[in-house]
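Report on the structure
These are the residues of each chain, in order.
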Amino acid sequence: MKKLTESDLIETCVFATEHPELVAQGVWRIGYTVVNNEHSRSSNSRDEKFGHLHLCIAGSCDVLTDRGWRHLQPGEAYVCPPGKKWEWRFSGNSSSWQVLFVRLLAKADQPLHYSENEAYVVEDCKRDDLSWVFRRLCGESANLSRPTVIHHLGALIRLHCREIVCRENTNDGLGELWSDVLGNLAFQWTIDKMAELSGLGKETLRKKCLEKTGRSPMKHLSHLRIQHARHLLLD
């Protein structure tokens, strides 16, 4: 565990270079940043080899998506798939911005299926889940550093990141459906089978899917398969 203190921010990080058990779970780095004064960051070529998740805990900042700048509020996450650019900026005109971030590996055996192809924002995220795991990981890293414990904490980080990245933790009735789909992308899915699994009518499913993803259920299925193939190539 390392702590970085600058004039504009304080950052605490746990690295996979210190704990190889995290690599097995696809986690390269996890950290907590408190930004107190005007500051900005953008990705470089090394950053873009990883997936990134920035979960806003308190305060707010602006993040760049493919639709332009977006104001990120507490409980929202800024997500960027591997190979894409990200950027955030804090104006310093309000209270400090507190963000929990995770740098994610692209792993063929544990793929994360990003909801969009460019940087995007996910609303209504569960802040407490990742925050608790990070605090527990910091405590373990600073003291006993038991490999088995760190392995399981890494698995929890991966789980909660997947919930956010794939939008599985939203209360739209589709989380369980897409979790089943992601677990078996090779299956010959049909709109009838997906409607049956979701407990929704075909038209209701179509409307909900369009509202959340901008795609029909079958087009979203194709998107997930393409994302999976892309992750295999990156790996």
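Reference entry: report on the structure contained in this document. Keep in mind that what you see is a predicted model, and the values were worked out from it rather than measured. (Residues numbered from 1 in each chain as written. Predicted model: local features only at pLDDT ≥ 70, side-chain atom pairs only at ≥ 80, totals over all residues. Heavy atoms only, no water.)

The next point concerns helix α1 (residues 127–142). Here α1 is 16 residues long and its end C-alpha atoms lie 23 Å apart, about the 22 Å a rise of 1.5 Å per residue gives. Those residues of α1 that fall on the buried side of the exposure criterion are Leu130, Ser131, Val133, Phe134, Leu137, Cys138, Glu140 and Ser141. As for α1, its buried residues are in contact with β2 (9–15), β3 (27–35), β5 (51–58), β10 (97–104) and α2 (147–165). (Helix = DSSP H or I, 4+ residues; strand = E, 2+ residues; numbered from the N terminus. Expected span 1.5 Å × (residues − 1). Buried < 20%, exposed > 50% of the residue type's maximum accessible area, 1.4 Å probe, protein only. Contact = heavy atoms within 4.5 Å.)

Attention now moves to the layout of surface pockets. In this model, the second largest pocket occupies a volume close to 300 Å³. If you trace the second largest pocket, you find 19 residues lining it, with Glu11, Arg29, Arg41, Phe101 and Arg103 closest to the centre. Residue assignment for the lining of the second largest pocket shows that the elements contributing at least two residues are β1 (2–5), β2, β3, β4 (39–42), β5 and β10. The element contributing the most residues to the lining of the second largest pocket is β10, with four residues. Residue classes in the lining of the second largest pocket are distributed as eight nonpolar, four polar and seven charged. (1 Å grid on protein atoms, 1.4 Å probe; cavity = no way out; pocket = protein on both sides within 12 Å on 5 of 7 lines; lining within 4 Å. Points joined across faces, edges and corners; volume = space filled by probe spheres on them. Nonpolar A, V, L, I, M, F, W, Y, C, P; charged D, E, K, R; others polar.)

A few words now on the environment of lysine 208. With respect to the element layout, lysine 208 can be found in helix α5 (residues 202–213). On the basis of relative accessible area, lysine 208 is assigned to the partly exposed category, the value being 29%. It is 8.1 Å that separates the C-alpha atoms of lysine 208 and leucine 174, two residues lying 34 residues apart in sequence.

Here the focus is the sheet that holds β3. Across a sheet, strands are paired by hydrogen bonds formed along the backbone, either parallel or antiparallel in direction. Pairing is antiparallel across the open sheet formed by seven strands, whose spatial order is β1-β2-β3-β10-β5-β8-β11. Whereas interior strands pair on both sides, the edge strands pair on one side only; in this sheet they are β1 and β11 (120–122). Here the strands of the sheet are splayed against their neighbours by 20° on average, with no regard to which way each runs. Where strand β8 (residues 77–80) and β11 come together, three bridges link them in antiparallel fashion. When the sheet's bridge partners are listed, valine 79 is paired in β11 with tyrosine 120. (Pairing = 2+ DSSP bridges. Axes fitted to C-alpha atoms, helices over the stretch in contact; angles between N-to-C directions.)

The residue lysine 49 is located in the loop between β4 and β5 in this model. Under the relative-accessibility criterion, lysine 49 is labelled exposed at 59%. Considered as a pair, lysine 49 and arginine 103 are 54 residues apart in the sequence and their alpha carbons are 9.6 Å apart.

In space, the four strands of this open sheet follow the order β4-β9-β6-β7, with antiparallel pairing throughout. Every interior strand has two partners, whereas the edge strands, β4 and β7 (68–72), have only one. Each neighbouring strand pair of the sheet contributes to a mean axis angle of 20°, computed without reference to strand direction. Direction of pairing for strand β6 (residues 61–65) relative to strand β9 (residues 87–90): antiparallel, over a ladder of two bridges. Its bridge partner lying in β9, valine 63 is registered against tryptophan 88.

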